[in-house]
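Given next are the chains, with one letter for each unit.
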Amino acid sequence: LFKHILTMEVAYETLPRAVRKERHATVAGYLERAAGDRVRESASLLGHHWRAAGEPGRAVPHLLTAAEVASRAWAKDQAIALYGQAMELIDPDEDAGLLDRVVLDRARVRIERGELNAAVDELGPVLDRAQGHLLGLSLLARARAANWLVDAAGVHEYASRAADVAHEIGDVELEARSLAVLAEAAGMDGDLAQGVDIAARADGAWP
């Protein structure tokens, strides 16, 4: 038990790296056993300790869970940081799909946080290589960013593409959500009749 954080930090720095990793792994293992069904509540600590233990495969799921929990609690800065830590641990050659999903999740948090240009920059590479459901979700996120940027043409483009992809893969919920954003775009254009028509299509498609 340390009376001052600096004393603890100095003591920690005196430990060899191999010993630190071993002890972080011991703490993480204990936390997992102790948490049981409530492991989600300790996700941030578990992610930290498995990361420091040099166990990326065990750290990443906990970091992603912690990021989701933080985002839902409106701790958007913390969520962005946690997603970033997870991204650093994912090997793009071995799991490019997972990395793109994490990039998308962080971009969506950035949109909610109002970091629109940063979100657009992050989504660009994902849009270039994603396929199927991931592409549809990425296009929808890009459409929402365009909406907040008051880019009506962008909303039309990305929401239309998202609806097309969703229709192709048979994802009716994603198609309905994309049509709803497209209806907003029509409203931005001042075409209320078209907006109402597209919104009715979205409502009819909603599962």
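Everything quoted here is computed from the prediction, not taken from an experiment. (Residues numbered from 1 in each chain as written. Predicted model: local features only at pLDDT ≥ 70, side-chain atom pairs only at ≥ 80, totals over all residues. Heavy atoms only, no water.)

Asker: So, the overall build of the protein chain: which residues are in play, and what are the values?
Answerer: Across its full length, the protein chain carries 11 helices and 0 strands. For the protein chain, the N- to C-terminal ordering of α and β elements is α-α-α-α-α-α-α-α-α-α-α. Taken over C-alpha atoms, the radius of gyration comes to 21 Å for the protein chain, far larger than the 17 Å a tight globule of 207 residues would show. Expressed as lengths along the three principal axes of its C-alpha atoms, the size of the protein chain is roughly 70 × 30 × 30 Å. Relative to its full complement of 207 residues, the protein chain shows a buried share of 40%. Looking at the protein chain alone, contacts between residues at least 24 apart form 47% of all its contacts between residues at least 6 apart. Taken as a whole, the protein chain presents about 11800 Å² of accessible surface, with 53% of it coming from carbon and sulfur. Distance between charge centres in the protein chain, computed from 23 positive and 33 negative side chains, equals 9 Å. (Helix = DSSP H or I, 4+ residues; strand = E, 2+ residues; numbered from the N terminus. Rg over C-alpha atoms; globule rule 2.2 N^0.38 Å. Buried < 20%, exposed > 50% of the residue type's maximum accessible area, 1.4 Å probe, protein only. Contact = heavy atoms within 4.5 Å. Areas by Shrake-Rupley, 256 points an atom, 1.4 Å probe, with all protein chains shown as cover. Lys, Arg positive; Asp, Glu negative; His and termini not counted. Charge placed at Lys NZ, Arg CZ, Asp CG, Glu CD.)

Asker: Break down the side chain of Ser178 for me, with residues and values.
Answerer: Structurally, the position occupied by Ser178 is in helix H10 (residues 172-189). Those residues in contact with Ser178, other than ones at most four positions away along the chain, are Leu140, Ala159, Ala162 and Ala163.

Asker: Describe a negative patch on the surface, with residues and values.
Answerer: Residues Asp91, Asp93, Glu94 and Asp95 make up a contiguous surface patch of negative charge. Checked against the element boundaries, Asp91 lands in the loop between helix H5 (76-89) and helix H6 (96-113). Asp91 gets classed as partly exposed once you look at its relative accessible area, which sits at 33%. (Patch = residues over 30% accessible without salt bridge, like charges linked within 9 Å, V, L, I, M, F, W, Y side chains within 5 Å. Salt bridge = Lys/Arg side-chain N within 4 Å of Asp/Glu carboxyl O.)

Asker: Let's hear about the pattern of salt bridges: which residues, and what values?
Answerer: Scanning all chains against the criterion turns up 14 salt bridges. The partner of Glu13 in a salt bridge is Arg20, and the shortest N-O contact between them spans 3.4 Å. Residue classification places Arg20 among the buried residues on the basis of a relative accessible area of 12%. A salt bridge links Arg51 to Glu88; the shortest N-O distance between them is 3.3 Å. Within this pair, whereas Arg51 is found in helix H3 (residues 43-52), its partner Glu88 is found in helix H5, the two being separated by 37 residues in sequence.

Asker: Could you give me a rundown of helix H8 (residues 132-148), with the residues and numbers involved?
Answerer: The end-to-end C-alpha separation of H8 is 25 Å, in line with the 24 Å expected for 17 residues at 1.5 Å each. Buried within H8 we find Leu134, Leu135, Gly136, Leu137, Ser138, Leu139, Leu140, Ala141, Arg142, Ala143, Ala145 and Ala146. Looking at the buried side of H8, the elements it contacts are H6, helix H7 (116-129), helix H9 (152-169) and H10. Downstream of H8 by one or two residues, Val150 has phi in the positive range, about 55°. (Expected span 1.5 Å × (residues − 1).)

Asker: If you had to explain the environment of Ala18 to someone new, which residues and values would you point to?
Answerer: Of note, Ala18 is situated in helix H2 (residues 17-35). Of the residues examined, Ala18 reaches a relative accessible area of 58% and is grouped as exposed. Remark: the alpha-carbon pair of Ala18 and Ala34, spanning 16 residues in sequence, is separated by 24 Å.

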